[in-house]
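Geometric and topological summary
Chain by chain, the residues run as shown.
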Amino acid sequence: MEHIYLSRRNLLTLLSKLDRKKANEPTACTIVKQDNQHPVYPQTMQVCKVTALEDTEYYVDREPGKVHLLDEPK
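Residues numbered from 1 in each chain as written. Predicted model: local features only at pLDDT ≥ 70, side-chain atom pairs only at ≥ 80, totals over all residues. Heavy atoms only, no water.

Details of the overall build of the chain
As a reminder of what qualifies: The numbering of helices and of strands both runs from the N terminus, where a helix is a DSSP run of H or I of at least 4 residues and a strand a run of E of at least 2. Only protein chains enter the calculation, and the probe is 1.4 Å; a residue is then buried if its accessible area is under 20% of its type maximum, exposed if over 50%, and partly exposed in between. Contacts: residue pairs with any heavy atoms within 4.5 Å of one another.
Helix and strand content of the chain: two helices and two strands. Going from the N terminus to the C terminus, the chain shows its helices and strands as α-β-β-α. For the chain, buried positions account for 12% of its 74 residues. Long-range pairs, those at least 24 residues apart, make up 46% of the contacts in the chain between residues at least 6 apart in sequence.

A look at the side chain of threonine 27
Looking at the element boundaries, threonine 27 is found in the loop between helix H1 (8–22) and strand S1 (29–32). Judged by its relative accessible area of 16%, threonine 27 is buried. For threonine 27, the residues in contact, after removing those within four places along its chain, are Lys17, Arg20, Lys21 and Ala52.

Things to note about H1
Filter applied, for reference: Between the first and last residue of a helix there are one fewer steps than residues, each counted as 1.5 Å, and that sum is the expected span. The arc refers to the directions leading from the helix axis to the C-beta atoms.
Here H1 is 15 residues long and its end C-alpha atoms lie 22 Å apart, about the 21 Å a rise of 1.5 Å per residue gives. Among all positions in H1, only Asn10, Leu14 and Lys17 are buried. One side of H1 carries all its buried residues, which in axial view fall inside an arc of 45 degrees. When the buried face of H1 is taken as reference, the exposed residues oriented beyond 90 degrees from it are Arg8, Arg9, Leu15, Asp19 and Lys22. In the stretch just after H1, asparagine 24 is the one whose phi turns positive, near 55 degrees.

Some points on the pattern of salt bridges
Using the following cut-off: When a carboxyl oxygen of Asp or Glu lies within 4 Å of a side-chain nitrogen of Lys or Arg, that pair is called a salt bridge.
What the rule picks out here adds up to one salt bridge. We note a salt bridge from lysine 21 to glutamate 57, for which the minimum N-O separation is 3.2 Å. Separated by 36 residues along the polypeptide, lysine 21 in helix H1 and glutamate 57 in helix H2 (residues 55–58) bring together distant segments of the chain. Residue classification places lysine 21 among the partly exposed residues on the basis of a relative accessible area of 29%. Look at glutamate 57 and you get partly exposed, because its relative accessible area is 37%.

Thoughts on the side chain of lysine 17
Keep this limit in mind: By the counting rule applied here, Lys and Arg register as positive and Asp and Glu as negative, while His and the ends of each chain are not counted.
Tracing the backbone through its elements, the reader meets lysine 17 in helix H1. One buried charge, lysine 17, has no salt-bridge partner; the nearest side chain with opposite charge is glutamate 25, at 8.7 Å. Other than its neighbours up to four places away in sequence, lysine 17 contacts Thr27, Ala28, Cys29 and Ala52.

Treat this as a map of the structure, not an account of what it does.
Right under this line is the structure:
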């Protein structure tokens, strides 16, 4: 199984893509992680392509699944 670890900085960058999309700005994003030697969190893939979508775009054909109460956004 592939595993990529994302820091808070990485995640905030990804979330900013939704704001850019609203502003009709480019949202293309590729996270390149070369830290395969990290002693605790080694990346198992070098590149992860990400596309920002609003919920209304993604859940066009179905309702979103349940999210565990502890994982719900605050």
